[in-house]
Amino acid sequence: QVQLVESGGGLVQPGGSLRLSCAVSGSIFSINDMGWFRQAPGREREFVAAITWSAGSPYYADSVKGRFTISRDNAKNSVHLQMNSLKPEDTAVYYCAARDRRTNQYGYWGQGTQVSVSS
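Only a predicted model underlies this, so the values are computations on that prediction, with no experimental measurement involved.

### A short note on the sheet that holds strand 7 (residues 68-73)
One open sheet accounts for four strands, arranged 1-3-8-7; its pairing is antiparallel. The open sheet has two free edges, formed respectively by strand 1 (2-7) and strand 7, since each of these has just one partner strand. Put simply, the sheet's adjacent strands are angled 15° from each other on average, direction ignored. As paired strands, strand 1 and strand 3 (residues 18-26) are joined by six bridges and run antiparallel to one another. Across the sheet, the residue bridging to Leu 4 is Val 24, located in strand 3.

### Brief notes about the pattern of salt bridges
Going through the model one piece at a time under the given rule, you end up with six salt bridges. The shortest N-O distance in the salt bridge between Asp 33 and Arg 99 comes to 2.7 Å. Within this pair, whereas Asp 33 is found in strand 4 (residues 31-39), its partner Arg 99 is found in strand 9 (residues 92-100), the two being separated by 66 residues in sequence. The burial state of Asp 33 is the same as that of Arg 99; both residues are buried.

### Here's the deal with unusual backbone geometry
Most peptide bonds adopt trans geometry, and most residues besides glycine take a negative phi value. With a phi angle near 50°, Ser 85 is a residue other than glycine that sits in the positive phi range. Residue class for Ser 85 comes out partly exposed when judged on its relative accessible area of 42%. Phi angles above zero are rare outside glycine, and Asn 104 is one such case at about 60°. In this fold, Asn 104 is placed in the loop between strand 9 and strand 10 (105-109).

### Structural notes on the environment of Gly 112
Structurally, Gly 112 is set in the loop between strand 10 and strand 11 (113-117). With residues up to four places along the chain from it excluded, the contact list for Gly 112 reads Glu 6, Val 93, Tyr 94 and Tyr 95.

### Describing the nonpolar core
Counting 31 residues, the largest nonpolar core has Met 34, Trp 36, Leu 81 and Tyr 94 as its most contacted members. Those elements that place two or more of their residues in this core are strand 1, strand 3, strand 4, strand 5 (46-52), strand 7, strand 8 (78-83), strand 9 and strand 11.

### A look at the pairing of strand 4
Counting buried positions along strand 4 yields eight of nine residues, so the element is predominantly enclosed. Inspection of the sheet shows strand 4 paired to strand 9 by eight bridges, in the antiparallel sense. Paired with Arg 38 across the strands is Tyr 94, a residue of strand 9. As judged from the six bridges shared by strand 4 and strand 5, these two strands associate in the antiparallel manner. Within the sheet, the bridge partner assigned to Asp 33 lies in strand 5 and is Thr 52. Hairpin connection between strand 4 and strand 5: a loop of six residues separates the two successive antiparallel strands, and Gly 42 in this loop has a positive phi of roughly 75°.

The rules behind each value
- Residues numbered from 1 in each chain as written.
- Predicted model: local features only at pLDDT ≥ 70, side-chain atom pairs only at ≥ 80, totals over all residues.
- Heavy atoms only, no water.
- Pairing = 2+ DSSP bridges.
- Helix = DSSP H or I, 4+ residues; strand = E, 2+ residues; numbered from the N terminus.
- Axes fitted to C-alpha atoms, helices over the stretch in contact; angles between N-to-C directions.
- Salt bridge = Lys/Arg side-chain N within 4 Å of Asp/Glu carboxyl O.
- Buried < 20%, exposed > 50% of the residue type's maximum accessible area, 1.4 Å probe, protein only.
- Contact = heavy atoms within 4.5 Å.
- Core = buried A, V, L, I, M, F, W, Y, C linked by side-chain atoms within 4.5 Å.

Listed below in structure tokens is the structure:
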């Protein structure tokens, strides 16, 4: 099993920045990718960014390219999402997720952290 805990959310003005963190524990050896997803009120969950645990290769949703940066620190068992140039449409609950090598599915999820972008 893998346990994930997000932190770092909050209220920020448009154009501002936030850094989200995800603490990872449990069966870390089974992780293929770590991802960030978000869900805004009245909308379905959407993919934001992901990074491979071993090589650290990132990929992003088109909506956040050039603004968000995902990173991981294997030694500290953590994943981060640096969010710059935030827009009101970035407002959502952000979730950290882990994809299991054995199932190739994002089967582990954190509790979520609220990001609100408003003037």
